[in-house]
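# Chain and residue survey
As a plain string of letters, each chain reads:
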Amino acid sequence: MTEQVYKNIWRIGVELPGNPLRELNSYLLKGEDTWLLIDTGFRKEACRQALSAGLRELGADIEKTDVLLTHLHSDHSGLAAEFAGKNRKVYLSRTDLKYLSMNIANKTVAERNARFLEEGFPPDLLEENARINPAMAERLQSLDDRFTPIDDGQEIRIGEYRLKTIVVPGHTPGNTMFWMPEQEIMFTGDHVLFDITPNITAWSWVEDSLGDYLENLLRVRNYPVQLALPGHRKSGDYKERIRVLLDHHARRLAETERIIRQNPGLNGYEIAGRMTWKIRAASWEEFPLAQKWFAVGECMSHLNYLVKRNKIERRTEGGIRRYYALNGT
Ligand SMILES: [Zn+2]
């Protein structure tokens, strides 16, 4: 399904079967004789078919197409190598390119698993999750020399348009948005989504990804955005949405701190089980495993934020991290 969103800019809906996000928004920009494709889909057949059909419908030639990625997640980057021309480029922020290459080389999984275990995630569930998690099979399998790092402030040109790179770490360590200053159009990727809250997890070797995320919401809040083009689902009022997201995390942080104050000594897994989630499940035990893994990651980013600001204290007891409130009652 394609939809024109602006002169020479189209949205291609790439379905994500079985994924709660439902669809990826891929955007195609037309230049004089070249094309720029922003984000692609999982490296799986349903996504490949949807993207191919969209490009065919719009008359785009893959051999004349560059790919621009908002971030490394495989629902965005999975098909990048297949949908960029042989002599074209695949742009991704320098930091996400580094993380993506580490992911492909399986250099992040050990650190992450060790951390989830320390936060109290049950070892059998962690193993089970690794078995059912599609992220590995459906991500890019290798990088090649078309992959080109981009940095904050760098401009990508296509036809009459220029897109300015804004690096906004949080959702991923090198997460990126693209700004078209003359048209006041913002490609928000997954930094600002409108009817779902972007997942903020605790990344390997990142001290405080939620702090980074909130700081980067503030940083981009005042852009005079006329049209926001998000990575998933529908668009909306940009500035108002940022206000709501800031408010959401302030409430989540307060809730996390309250849980710890009332139940000193819980681990991250137990704290996540006491937080409120939108998922319909009778209890924490009955939470779907993949969602549970995301929930604990999300909880960990809130714990890191509170630890860094001396709201709570982390003590490692018998190999498990446990949390205690600081600063009075
Ligand atoms: Zn994402």
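Keep in mind it's a predicted model, so treat the numbers as computed, not measured. (Residues numbered from 1 in each chain as written. Predicted model: local features only at pLDDT ≥ 70, side-chain atom pairs only at ≥ 80, totals over all residues. Heavy atoms only, no water.)

## Focus on the overall build of the chain
Heads up, the condition is: Note on conventions: DSSP H or I runs of at least 4 residues are helices, E runs of at least 2 residues are strands, and numbering of each starts at the N terminus. To get the radius of gyration, use the C-alpha atoms; to get the globule rule, take the number of residues to the power 0.38 and multiply by 2.2 Å. Think of it in three bands: with a 1.4 Å probe and only protein chains considered, a residue is buried below 20% of the maximum accessible area for its type, exposed above 50%, and partly exposed in between. Residues count as neighbours in contact if any of their non-hydrogen atoms are within 4.5 Å of one another. The protein chains shown are the only cover counted for residues, whose accessible areas, like all others here, come from Shrake-Rupley with a 1.4 Å probe. Counted charges follow a simple rule, with Lys and Arg positive, Asp and Glu negative, and His plus the chain ends left uncounted. Charge coordinates come from a single atom per side chain, which is NZ of Lys, CZ of Arg, CG of Asp or CD of Glu.
In terms of helices and strands, the chain carries ten helices and 14 strands. For 329 residues, the compact-globule estimate of 2.2 N^0.38 gives 20 Å, and the C-alpha radius of gyration of the chain, at 20 Å, lies within 12% of that figure. By its C-alpha atoms, the chain is 65 × 40 × 35 Å across when sized along the principal axes. Within the chain, the proportion of its 329 residues that are buried is 51%. Restricting to contacts in the chain with at least 6 residues of sequence separation, those with at least 24 account for 65%. In the structure as shown, the chain presents an accessible area of about 14700 Å², 48% of it carried by carbon and sulfur atoms. Taking the average place of the 45 positive charges on the side chains of the chain and the average place of its 46 negative ones, the gap between the two points comes to 2 Å.

## What about the sheet that holds strand 11 (residues 185-189)?
To keep it simple, the criterion reads: Only strands joined by at least two bridges in the DSSP assignment are considered to pair. Angles here are taken between N-to-C directions and fall from 0 to 180 degrees, while the axes themselves are lines fitted to C-alpha atoms, restricted in helices to the stretch in contact.
The five strands are arranged 8-9-10-11-12 in an open sheet whose pairing can be described as mixed. Each of the sheet's edge strands pairs with one partner strand only, and the pair in question is strand 8 (155-158) and strand 12 (227-230). In this sheet, neighbouring strand axes are inclined to one another by 25° on average, regardless of whether the strands run parallel or antiparallel. Direction of pairing for strand 11 relative to strand 12: parallel, over a ladder of four bridges. Considered in strand 12, the bridge of Ile185 is made with Leu227.

## A look at the coordination of the zinc ion
Six octahedral donors around a metal ideally sit at 90 or 180 degrees from one another, while four tetrahedral donors ideally sit at 109.5 degrees. Note the following rule: Each metal site lists N, O and S donors within 2.8 Å (3.2 Å for Na, K and Ca). With water left out of the atoms, a site can look as if it is missing ligands. For a four-donor site, all angles between 85 and 135 degrees give tetrahedral; for four or six donors, opposite pairs above 155 degrees with the remaining angles between 65 and 115 give square planar or octahedral; all remaining cases count as irregular.
Protein coordination at the zinc ion: the donors are His71 (NE2), His73 (ND1), His171 (NE2) and Asp190 (OD), at 2.2 to 2.3 Å from the metal. The site at the zinc ion holds four donor atoms, and with the angles between them running 86 to 176°, its shape is irregular. Sequence positions of the donors to the zinc ion reduce to the motif H-x1-H-x97-H-x18-D. With His73 in the loop between strand 5 (65-68) and helix 2 (74-77) and Asp190 in the loop between strand 11 and helix 7 (209-220), the pair connects residues that are 117 residues apart, well separated along the chain.

## What to know about unusual backbone geometry
With phi around 70°, Arg22 is a residue other than glycine that occupies positive phi space. Among the structural elements, Arg22 can be located in the loop between strand 2 (9-15) and strand 3 (23-30). Under the relative-accessibility criterion, Arg22 is labelled exposed at 53%. Of note in this structure, Asn310 is not a glycine but carries a positive phi near 55°. Structurally, Asn310 can be placed in the loop between helix 10 (289-308) and strand 13 (312-317).

## Brief notes about the domain arrangement of the chain
What counts here: What fixes the domain bounds is an automatic or database domain assignment. Note on terms: buried area is the combined drop in 1.4 Å-probe accessible area of two parts once they are placed together, counting the loss on both. We define a salt bridge as a side-chain nitrogen of Lys or Arg found within 4 Å of a carboxyl oxygen belonging to Asp or Glu. Definition of a polar contact: a pair of N or O atoms within 3.5 Å, with one able to donate and the other able to accept a hydrogen when the atoms are protein atoms, and with sequence-neighbouring residues admitted only if both atoms are side-chain atoms.
Domain assignment breaks the chain into domain 1 (2-112 + 134-244) and domain 2 (246-325). Taking only C-alpha atoms into account, the centre of domain 1 sits 29 Å from that of domain 2. Facing the 21 residues of domain 1 at the interface are 17 residues of domain 2. Interface of domain 1 and domain 2: buried area, both sides summed, is about 1600 Å²; carbon and sulfur atoms make up 57% of it. Considering only the side of domain 1, the residues that lose the most area to domain 2 are Asp208, Leu210 and Leu214, jointly responsible for 28% of the buried surface there. Linking domain 1 with domain 2 are two salt bridges, by the criterion used here. Along the contact surface separating domain 1 from domain 2 lie eleven residue pairs in polar contact (both at pLDDT 80 or more).

## Some remarks on the pattern of salt bridges
Counted under the stated rule, the structure contains 29 salt bridges. Between Lys64 and Asp33 there is a salt bridge, with the nearest N and O atoms lying 3.3 Å from each other. Taken together, the positions of Lys64 in the loop between helix 1 (45-58) and strand 5 and Asp33 in the loop between strand 3 and strand 4 (35-38) put the pair 31 residues apart, joining distant regions of the chain. Of the charged contacts in the structure, one is a salt bridge between Arg315 and Glu313, with a shortest N-O distance of 3.3 Å. A single network of salt bridges, built from pairs that share partners, joins Glu155, Arg157, Arg162 and Glu182.

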